[in-house]
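Letter by letter, the chains look like this.
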Amino acid sequence: MKWFAVALLAITLLLQLGLWVSDNGVREIYRLEAAVADQALQNATMRQRNQLLAAEVADLKKGTAALEERARSELGMIAARESFFQVVPGRAPPAYATAQNGTTSR
């Protein structure tokens, strides 16, 4: 009976060792749970992106405002009733021009 208990203990220890150390054991479960959580995050991001794209497609099918806005921003087009103004940033006046005007920037 004593040998039987030792044999059962040895088998139990070997099975536990296999459970905790092997490639299909507890470490694999933790790795798979982390992969599932990562994939769920990616899915949520893609789901939100798909909703935005679906809303944009519906807007493009329904009205012309989104189409006109896209033509303006991406193609640089203007409508017939609009005027185009291009604002060019000015350069600072030379130092002698301010001195001749009598204004100084101190």
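The written sequence of each chain sets the order in which its residues are numbered from 1. For a predicted model such as this one, the threshold for reporting local features is a pLDDT of at least 70, and the threshold for listing and counting side-chain atom pairs is 80 or more; totals across whole chains, interfaces and linings nevertheless cover every residue. Excluding hydrogens and water, the side-chain values take into account all heavy atoms of the structure.

Caption draft 1: Just the overall build of the protein, in detail. Secondary structure elements follow DSSP: runs of H or I no shorter than four residues count as helices, runs of E no shorter than two count as strands, and numbering proceeds from the N terminus. Helices and strands together make up the secondary structure of the protein, namely 4 helices and 0 strands. Along the protein, from the amino end to the carboxyl end, the secondary structure elements read α-α-α-α. A simple rule labels every residue: compare its accessible area, found with a 1.4 Å probe on the protein chains alone, to the largest value its type can have, and call it buried under 20%, exposed over 50%, or partly exposed in between. By residue count, 5% of the 106 residues in the protein fall in the buried class. Total accessible area on the protein is roughly 10200 Å²; 63% of this is exposed by carbon and sulfur atoms. Note that accessible areas follow from Shrake-Rupley with a 1.4 Å probe, and for residues the cover is restricted to the protein chains shown.

Caption draft 2: Focus on the pattern of salt bridges. Only one rule defines a salt bridge in this text: a Lys or Arg side-chain nitrogen within 4 Å of an Asp or Glu carboxyl oxygen. With the rule as written, the count across this model stands at 4 salt bridges. Among the ionic pairs, E68 bridges to R72, the shortest N-O distance being 3.7 Å. A residue pair is termed a helical-turn pair when its members lie 3 or 4 positions apart in one helix, as E68 and R72 do in helix 3 (residues 65-75) at 4 residues. With a relative accessible area of 31%, E68 lands in the partly exposed category. Between R72 and E82 there is a salt bridge whose closest N-O contact spans 2.6 Å. Placement of the pair is R72 in helix 3 and E82 in the loop between helix 3 and helix 4 (95-101), with a sequence separation of 10 residues.

Caption draft 3: Just the confidence of the model for the protein, in detail. This prediction gives the protein a mean pLDDT of 83; 90% of its residues lie at or above 70. Looking across the protein, the model is least confident in helix 4, with a mean pLDDT of 61, and most confident in helix 2 (residues 26-62), with 92. pLDDT: the predictor's confidence for each residue, scored from 0 to 100.

Caption draft 4: Seen up close, a nonpolar patch on the surface. On the surface, a nonpolar cluster with roughly 530 Å² of combined accessible area is contributed by L14, L17, L19, W20 and V21. Mapped onto the elements, L17 comes out in helix 1 (residues 2-21). Residues form patches when they are more than 30% accessible in relative terms and have no salt bridge. Like charges link within 9 Å. Nonpolar side chains (Val, Leu, Ile, Met, Phe, Trp, Tyr) link within 5 Å.

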